[in-house]
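Chain by chain, the residues run as shown.
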Amino acid sequence: MKELTANTLKEQILKKLITDKGRDVKEATSKDIYYVLASIVNEEVKQRWFQTRKKYKDEKYKEVYYLSMEFLIGRLLESNLLNCGMLEEAKEALEQIGFDYVEVFAQEHDAGLGNGGLGRLAACFLDSLASLNYPGHGFGIRYRYGLFEQRIIHGNQVELPDYWLTDPYPWETRKEEEAVVIQFHGDVHMHKRNDGALEFEYQNTDKVMAVPYDIPVVGYENDTVNTLRLWSAESIFQNNTDTLEEHKQFYRDLDHEHSIEQISGFLYPDDSSYEGKELRLKQQYFLVSASIQNILKHFKLNNKMSLRHLAEKVVIQINDTHPSLAIPELMRILMDEEGFSWEKAWKVTTNVFAYTNHTTLSEALETWSMEMMQNLLPRIYMIIDEINERFCKGIWFDHEELREKIPELAIIAHDRVHMARLAIVGSFSVNGVARIHTEILKKQEMKTFYNLFPDKFNNKTNGITHRRWLLQANPKMADLITDVIGPQWIKRPKQLISLLKHSNDSALLEKFDQVKHENKKVLANYIHQHLGITVDERSIFDVQIKRLHEYKRQLLNIFHVIYLYNELKENPNQDMTPRTFIFGAKAAPSYHLAKEVIKLINTVASIVNYDPVVKDRLKVIFMENYNVSLAEKIIPAADISEQISTASKEASGTGNMKMMMNGALTLGTMDGANIEIHDLVGDQNMFIFGLTADEVLNYYQHGGYHARDIYNTDDRVKRILDQLNQGEFGAHNIEFKDIYYNILYHNDPYFVLKDFEAYLETHELAERAYRDRMTWLNMSVTNIAYSGKFSSDQTIQEYATDIWKIKRV
Ligand SMILES: *Cc1c(COP(=O)(O)O)cnc(C)c1O
């Protein structure tokens with residue numbers, strides 16, 4: 001593909017337009033061009049895909065399977081072109097035929113099969129696995145509706161269904177021959193065999209077909225193409241309606257079919273769940289049963305050895321607890337279908353699974369009703385019960401000192417099945433996603449488990465693919481970096497560190513400034529087009545983009561904006577560097593307070609943006625429908641990266657890494673991966689403020705924080721809360737009462753008031769720093785230089801050597 005030039009690509013496009021679409025270039029739409037380009041890429045990719053599969057099989061590589069309920073992959077045309085080494089040529093070819101490449105790429109529906117960080121992590125990991133030539137694949141669900149599309153109407157979030165498959169999706173291939181049957185409900189019958197072993201038979205189960213759709217995962221400028229396999233639920237249903245009885249049956253089946261298709265219908269829009277639903281449990285089992293059956297089938301096909309050796313060739317990473325039913329599912333198949341004893345099956349199983357923990361928020365630790373599980377998955381429940389029984393007995397007899405802790409360790413306790421406990425007991429590795437997060441797991445949340453299994457626990461700090469988040473999203477910056485330090489950083493992102501040698505070269509810093517400025521102009525134009533608001537591209541672009549959650553504290557950010565507005569009203573002529581506060585966030589539809597915060601941000605925006613007193617020194621922009629594509633537009637233009645979670649709450653964060661890599665300076669708390677950014681760049685290159693995790697955890701344990709004291713003593717705080725309570729922002733004065741009550745009557749559970757003063761002071765520091773251009777630019781380049789550490793290539797390298805023990809092809 002290296003010889004491919006823009007010219008030959010252009011010829012191919014023109015030819016294919018006619019053969020595939022029956023149109024010449026004058027009649028063609030951007031969508032035609034999109035499909036034609038995708039088809040050209042596919043031809044190239046499918047060759048490599050086939051070769052990769054063959055290689056893994058022939059050479060019997062150990063393979064890793066990444067099981068995740070979410071893959072937030074975003075659009076693929078541009079990244080596939082990039083990874084195939086065709087992106088520049090494609091952009092040029094499109095220009096030659098008079099098409100805007102931005103518009104052509106935008107024809108692809110952004111695949112939003114995830115909520116946020118957890119799903120995006122899975123997508124970045126697949127990109128790195130393929131780019132590093134590791135045999136590693138993703139397994140997920142082909143939801144027909146991804147995360148809802150967000151509209152803002154009169155300041156409120158309105159959710160629309162995201163039916164992303166209206167147009168054919170050019171990257172997927174349906175693989176009927178790989179379909180498997182999944183069984184729900186029914187009865188389990190036990191027989192004793194002559195040799196005394198037990199046999200289990202399932203009757204009256206509801207059978208559902210899982211049909212995979214494969215998406216190629218293209219490595220960067222190598223020949224590796226791995227697979228993202230997404231399962232779709234279908235019925236095993238026949239349509240013959242000759243007699244009345246058959247006719248009736250047809251409609252019953254239709255109903256049944258509908259309920260089956262629901263299994264891969266919707267992505268649950270809760271990233272730290274508010275309610276569990278049976279359908280969600282069905283989805284989880286559907287994913288794991290299909291995946292495990294598939295993995296075993298391929299193991300048998302590729303390796304002529306007993307399943308006892310499974311762990312030599314297969315390792316399965318479970319992304320959070322959602323896929324942890326894979327553990328009893330593998331036990332079930334090994335025992336009930338392959339005739340393994342419990343002991344043998346358990347030995348295999350606990351050498352195959354590794355578990356990633358993503359949260360310590362107690363409301364997000366997954367549990368299921370015992371009854372629901374027993375009813376939906378009777379055999380799986382029996383196995384979990386037995387795992388639990390043996391685990392608890394083990395503690396009782398071998399760890400007398402822990403006997404009284406059994407209720408907090410047991411997998412089944414108080415009529416609930418605790419998924420994290422199941423995942424820990426059934427895996428050989430348990431990892432947190434940033435250093436502080438892993439430490440909190442070991443010292444607090446999972447302390448007893450850590451004492452039981454110290455060798456299982458390890459840290460793997462999250463990462464992001466620098467290919468999508470720098471090369472693709474910010475090509476001008478990438479080119480400039482290559483001009484300065486050569487192209488080696490692209491394959492070895494840690495080499496970005498060579499930028500440090502140049503971080504005082506003022507001519508060069510001017511060039512970085514210019515790129516950032518151009519990026520800001522592009523975003524300003526986009527904002528103008530979509531929201532009709534003019535923003536000054538010389539203002540500070542202060543960005544907070546992430547799911548809306550109390551712990552992420554968008555509220556603290558908007559309180560600061562209100563404070564600045566109040567200051568300007570009081571003192572209209574004060575000198576202030578113009579600022580543009582940019583927000584992007586979806587709230588789970590059932591999360592009332594989160595939606596109130598969205599409303600508040602939009603309400604403040606509608607006042608501030610149009611008040612003549614402000615004189616354009618302050619703009620508030622809420623960008624609707626935050627997703628991967630929007631992130632790619634905003635991040636290259638960010639000056640300040642708001643990472644202001646209540647310390648101890650953000651497991652890692654990855655938005656912080658994306659913005660650092662694009663030269664934004666972090667204004668944040670000592671939480672998640674911010675701490676590791678701080679290790680690298682130090683106080684002098686970022687803006688740290690607020691309570692530490694130890695202080696927060698201490699307050700939770702021992703009390704001593706009284707939000708009302710701050711309200712009573714800090715006039716700035718009192719003013720803002722009173723404005724909320726008195727309806728100064730809002731059509732009626734009850735609009736934001738819940739926010740007010742949550743802070744003053746529920747004692748501000750996320751310490752917004754407690755950190756408020758430090759936050760203001762830190763913003764003042766940042767504003768002053770921004771005025772000293774050369775110093776700011778030096779800080780910015782220093783951040784880019786150190787960001788290579790957060791490439792997911794680095795993270796995947798660590799997973800591969802420490803956990804998976806897999807080799808590069
Ligand atoms: C990176 C990313 C996230 C995660 O952002 P955090 O700031 O780490 O919470 C969420 N959503 C999208 C679309 C992303 O690209």
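Before reading on, note that the structure itself is shown above.
Figured I'd write up the structure that's included with this text.

Basis of the calculations
- Residues numbered from 1 in each chain as written.
- Predicted model: local features only at pLDDT ≥ 70, side-chain atom pairs only at ≥ 80, totals over all residues.
- Heavy atoms only, no water.
- Patch = residues over 30% accessible without salt bridge, like charges linked within 9 Å, V, L, I, M, F, W, Y side chains within 5 Å.
- Areas by Shrake-Rupley, 256 points an atom, 1.4 Å probe, with all protein chains shown as cover.
- Salt bridge = Lys/Arg side-chain N within 4 Å of Asp/Glu carboxyl O.
- Lys, Arg positive; Asp, Glu negative; His and termini not counted.
- Charge placed at Lys NZ, Arg CZ, Asp CG, Glu CD.
- Helix = DSSP H or I, 4+ residues; strand = E, 2+ residues; numbered from the N terminus.
- Near = heavy atom within 4 Å.
- Polar contact = N/O pair within 3.5 Å; in protein donor to acceptor, adjacent residues only side chain to side chain.
- Nonpolar A, V, L, I, M, F, W, Y, C, P; charged D, E, K, R; others polar.
- Axes fitted to C-alpha atoms, helices over the stretch in contact; angles between N-to-C directions.
- Parallel < 35°, antiparallel > 145°, perpendicular 65-115°, else oblique.
- Left-handed = near helix turned anticlockwise from the far one by under 90°.
- Contact = heavy atoms within 4.5 Å.
- Buried < 20%, exposed > 50% of the residue type's maximum accessible area, 1.4 Å probe, protein only.
- Pairing = 2+ DSSP bridges.

1. Quick word on a negative patch on the surface
Now for step 1: On the surface, a cluster of negative charge is made up of Glu88, Glu92, Glu95, Asp479 and Asp483.
Now for step 2: Listed by contribution, the elements that provide at least two residues to the negative patch are helix H4 (87–96) and helix H19 (475–485).
Now for step 3: The element contributing the most residues to the negative patch is H4, with three residues.

2. Considerations on the site of the ligand
Now for step 1: Among the 14 residues in the neighbourhood of the ligand, the closest are listed as Lys546, Lys552, Thr654, Gly655 and Lys658.
Now for step 2: At 3.0 Å, a backbone N or O of Gly655 approaches an oxygen atom of the ligand.
Now for step 3: Side-chain polar atom of Lys658 to an oxygen atom of the ligand: 2.6 Å apart, as the coordinates give it.
Now for step 4: Contact with the protein chains removes 96% of the 390 Å² of surface that the ligand exposes when unbound.
Now for step 5: Its residues placed into classes, the shell around the ligand shows five nonpolar, six polar and three charged.

3. What to know about the packing of helix H29 (residues 715–725) against helix H30 (residues 737–744)
Now for step 1: Orientation of H29 relative to H30, taken along the N-to-C sense of each, is 140 degrees, at an axis distance of 8 Å. Our classification of the angle between H29 and H30 gives oblique. Seen along the crossing, H29 lies across H30 with a hand that is left-handed. Taking contact as the criterion, the partners of Leu721, Asp722, Leu724 and Asn725 in H29 are, on H30, Lys737, Ile739, Tyr740, Ile743 and Leu744.
Now for step 2: Split by residue class, the contact of H29 with H30 holds six nonpolar, one polar and two charged.

4. Some points on the environment of Glu92
Now for step 1: For Glu92, the location among the structural elements is in helix H4.
Now for step 2: Note: C-alpha distance between Glu92 and Ile236 (144 residues apart in sequence) is 48 Å.

5. As for a nonpolar patch on the surface
Now for step 1: On the surface, a cluster of nonpolar side chains totalling about 280 Å² of accessible area is made up of Met190, Leu198 and Met382.
Now for step 2: Residue position: Met382 is located in helix H13 (residues 378–398).
Now for step 3: The exposure class of Met382 is partly exposed, given its relative accessible area of 32%.

6. Looking at the sheet that holds strand S15 (residues 367–369)
Now for step 1: Taking strand neighbours across the sheet as the criterion, the three strands line up as S15-S17-S16 in an open arrangement whose pairing is antiparallel. Of all the strands in the sheet, the pair left with one neighbour each is S15 and strand S16 (412–413).
Now for step 2: Where S15 lies against strand S17 (residues 416–418), three bridges are found, and the strand directions are antiparallel. Directly across from Trp368, in S17, lies its bridge partner Val417.

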